[in-house]
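Examination of the molecular architecture
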Amino acid sequence: MSQFWKPGTEKPRIVDDEEGGILFLSASASSSSSSRFGYASVEKQRQRLPVYKYRTSILYLVETHATTIIVGETGSGKTTQIPQYLKEAGWADGGRVIACTQPRRLAVQAVAARVAEEMGVKLGEEVGYTIRFEDLTNPGTTMIKFLTDGVLLREMMDDPLLTKYSVIMVDEAHERSISTDILLGLLKKIQRRRPDLRLIISSATIEAKSMSTFFQIRRRALEAEESGPRMEPAILSVEGRGFNVQIHFVEEPVQDYIRHTVSTVLSIHDQEPMGDILVFLTGQDDIDAAIQLLNEEAQSNGKNSSGLIILPLYSGLPRAEQELIFSPTPRGKRKVVIATNIAETSLTLEGIVYVVDSGFSKQRFYNPISDIENLVVAPISKASARQRAGRAGRVRPGKCYRLYTEEYFVNEMSAEGVPEMQRSNLVSCVIQEPMVSKMILSSSELGCSEEIITIAAILSVQSIWVSGRGVKKDMDEAKLRFAASEGDHVTFLNVYKGFLQSGKSSQWCHKNYVNYQAMKKVIETREQLRRIAQRLGIVLKSSERDMQVVRKAVTAGFFANACRIEAFTHNGMYKTVRGSQEVYIHPSSVLFRVNPKWIIYHSIVSTDRQYMRNVISIDPSWLREAAPHFYQNHRHNATGH
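Parameters and conventions
- Residues numbered from 1 in each chain as written.
- Predicted model: local features only at pLDDT ≥ 70, side-chain atom pairs only at ≥ 80, totals over all residues.
- Heavy atoms only, no water.
- Helix = DSSP H or I, 4+ residues; strand = E, 2+ residues; numbered from the N terminus.
- Buried < 20%, exposed > 50% of the residue type's maximum accessible area, 1.4 Å probe, protein only.
- Contact = heavy atoms within 4.5 Å.
- Areas by Shrake-Rupley, 256 points an atom, 1.4 Å probe, with all protein chains shown as cover.
- Pairing = 2+ DSSP bridges.
- Axes fitted to C-alpha atoms, helices over the stretch in contact; angles between N-to-C directions.
- Expected span 1.5 Å × (residues − 1).
- Polar contact = N/O pair within 3.5 Å; in protein donor to acceptor, adjacent residues only side chain to side chain.
- Parallel < 35°, antiparallel > 145°, perpendicular 65-115°, else oblique.
- Left-handed = near helix turned anticlockwise from the far one by under 90°.
- Nonpolar A, V, L, I, M, F, W, Y, C, P; charged D, E, K, R; others polar.

Examining the overall build of the chain
Across its full length, the chain holds 25 helices and 23 strands. A total of 641 residues make up the chain; the buried ones form 56% of that total. Taking contacts inside the chain between residues at least 6 apart in sequence as the whole, the part at least 24 apart equals 73%. Summing over all exposed atoms, the chain offers an accessible surface of approximately 28,600 Å²; the carbon and sulfur share of this is 51%.

Regarding the sheet that holds strand β8 (residues 165–170)
Here we have eight strands laid out as an open sheet, ordered β6-β5-β7-β4-β8-β9-β3-β10, and mixed in their pairing. Looking at which strands have only one partner, the edges of the open sheet turn out to be β6 (134–136) and β10 (234–238). Looking at each pair of strands side by side, their axes are set apart by 20 degrees on average, direction ignored. Both strand β4 (residues 97–102) and strand β7 (residues 144–148) contribute to a ladder of five bridges, which runs parallel. Directly across from T101, in β7, lies its bridge partner L147. Along the sheet, helix α5 (residues 105–119) contacts β4, β5 (127–131), β6 and β7; its crossing angle with β5, the most-contacted strand, is approximately 170 degrees.

Things to note about helix α18 (residues 449–459)
Here α18 lies mainly inside the structure; eleven of its eleven residues are buried. Buried within α18 we find S449, E450, E451, I452, I453, T454, I455, A456, A457, I458 and L459. Tucked into the core, α18 has its buried residues touching α17 (434–446), α20 (488–501), α22 (516–535), α23 (547–558), β22 (598–606) and β23 (610–617).

Things to note about α22
Between its first and last C-alpha atoms α22 spans 29 Å; for 20 residues at 1.5 Å apiece the expected length is 28 Å, and the two agree. For α22, every residue scored as buried is listed here: A518, M519, K521, V522, I523, T525, R526, L529 and A533. For α22, the secondary structure elements touched by its buried residues are α5, β6, α17, α18, α20 and α21 (506–511). Trailing α22 by a residue or two, G537 shows a phi angle of about 80 degrees, which is positive.

A few points about the pairing of strand β3 (residues 67–72)
Counting buried residues in β3 gives six out of six residues, a clear majority hidden from the surface. Of the two faces of β3, both are covered, the one formed by T67, I69 and V71 as well as the one formed by T68, I70 and G72. As defined by bridge partners, β3 adjoins strand β9 (residues 198–203) across five bridges and the pair is classed as parallel. Each residue of the ladder has a partner; that of T67, found in β9, is L199.

Some details on the side chain of R423
Note on placement: R423 falls in the loop between α15 (406–411) and α16 (427–430). You can call R423 buried: its relative accessible area is 15%. Of note is the side chain of R423, whose polar atom sits 3.1 Å from the backbone oxygen of R364. In contact with R423, not counting residues within four places along its chain, are Q363, R364, F365, Y366 and V418.

Brief notes about the packing of helix α6 (residues 149–158) against helix α7 (residues 178–193)
In the contact formed by α6 and α7, the axes pass within 9 Å of each other and the chain directions differ by 40 degrees. Regarding the angle of α6 to α7, the classification is oblique. You can see that α6 and α7 cross each other, and the crossing is left-handed. In this structure, α6 uses D149, G150, L152, L153 and M156 to contact α7, whose residues at the interface are S179, T180, I182, L183, L186, L187 and I190. Its residues placed into classes, the contact of α6 with α7 shows eight nonpolar, three polar and one charged.

Considerations on the sheet that holds strand β18 (residues 398–402)
If you trace the six strands from one edge of the open sheet to the other, you get β11-β18-β15-β12-β14-β13, paired in parallel fashion. Bordering the open sheet on either side are β11 (245–249) and β13 (308–313), each of which pairs with just one other strand. If you compare each strand with its neighbour and ignore which way they point, the axes differ by 20 degrees on average. Where strand β12 (residues 276–280) and strand β15 (residues 352–357) come together, five bridges link them in parallel fashion. Bridge pairing links V279 to V356 in β15. Strands in contact with helix α11 (residues 284–300) are β13 and β14 (334–339); relative to β13, the strand with the most contacts, it is inclined by about 170 degrees.

Quick notes on the packing of helix α4 (residues 78–88) against α5
It is the contact of α4 with α5, at a shortest axis distance of 10 Å, that shows an interaxial angle of 50 degrees. By the criterion of interaxial angle, the relationship of α4 to α5 is oblique. Of the two elements, α4 crosses α5, and the hand of that crossing is right-handed. Facing T79, T80, Q81, Q84 and K87 of α4, the residues of α5 in contact are V111, V115, E118 and M119.

Quick look at the structure:
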């Protein structure tokens, strides 16, 4: 047996991927599929995947064509298997690296862990991954590297032709994330300079023809054709394996989709045979609300509560909680996973038999006139609805409950989603995070780089506070212990200081309603930012207790996000200096209801209103100091009158 995998490992599992995701099948008796796959060796499990019978074709096409487009149906195994086939065929020999990109970091981590397990190697050695602020690869050793599209784009800054990669597999291309689209455009340019580079574009539902047309490189002369690969892209369709899914629609439009979701889950639990439930909601707030409602309903409804294991799934989820989602369901229990659209294509869960589809997801929409990017709860497309339903037919025939009418699905739902590139602010694609960079550079001159690097690290995580309903009162009290009158950024410094003084203790975090996993991420990110700053020659100084220079540095970076309170209004309404948009301080801010005259925000969240998150008070005279070019036209505004 060659060294590619270890047959007969202790806890055999099949890894089965769909649209760039992974399916975890455990060997334990509680798993519905254990009889089929349970005790086979890893090698036999790999051979049972539908993609296996295309192994030779895939390798032949990659050898002979510069670009291969693989349309992989449900459960084909392409994400976990193709990188291994390439390695076995020698594409990673001589120090070369095989890259496989994913739009989401959770998928990157999970797929890399699975492939390392299949190959019987330690994650971070032959198989590794890189996501933002976390690099688990070993240069010289890593042969297969999983990474987000965004990270690969960043790598191009140091190495525009991506010279260390022999094959780049762009997975989940149908998601049309902004990074995927930009990556595809740049890879096409790299191909002209590097005829030796092979591309594999893999997707669930992509228009293979339009992708193929995009990658056609017309050569002026054909002399290179003979020696190099063919420039005509190859298209291969890989069959999947899915069971029949019965679709149920509601009779009447639903008023409150969270309540309706909860009652649907409870009636499935009451009336349907065993099998796990996957629920699609829009975001963490919805998920928390649904979990709380489910727990309340289940308790008041005695008999229902005992059998349910209720778990959230969204992209900011701590690693330990991810593990719970992928672990097999104990016998006699039913797992209910309440997820965002991350479970639509990025991750596949074993044991799902029932899907509840709210019909909504959070989508980014950018208004170029006001320069405000909103995360809006919007109806999903037919393509998404089909992906969601397909989740129920993985291990046996399943059922999908759609919380919208059939008439709405047929007549009103759009066929495809709008590509992210057409509804986003493109600044961050052209220049990596300019505002944070400017803030850090200014902090060097102002002598507060240690503080600003801490703030930058904290702004990079979703939130450092524990989320969840039912803890609001205690949490507000905990926040008051750290609250600084200057605003959220200075409050973050107090939390960070407390965390360090506690010896980075998880108990301290628990007691103060601080998210321990987020703080660990902050420490990691801060270290990386410090290293980058030192490399750029930024002098790392602390301002001690002078918070004015810290606020000036924030202003230098985020001057475009300045707002002024509207005189004569009592509801805390602010107007943005740029565009005069009506905005309000988010209730989670320490300045909520304090309402200083002039403030700067970090980001805007849109729900019933435009809410400013992470807010700091400023002196308006700093704006003209920081950006005279920007505030020339706003001089009459920015005088403080």
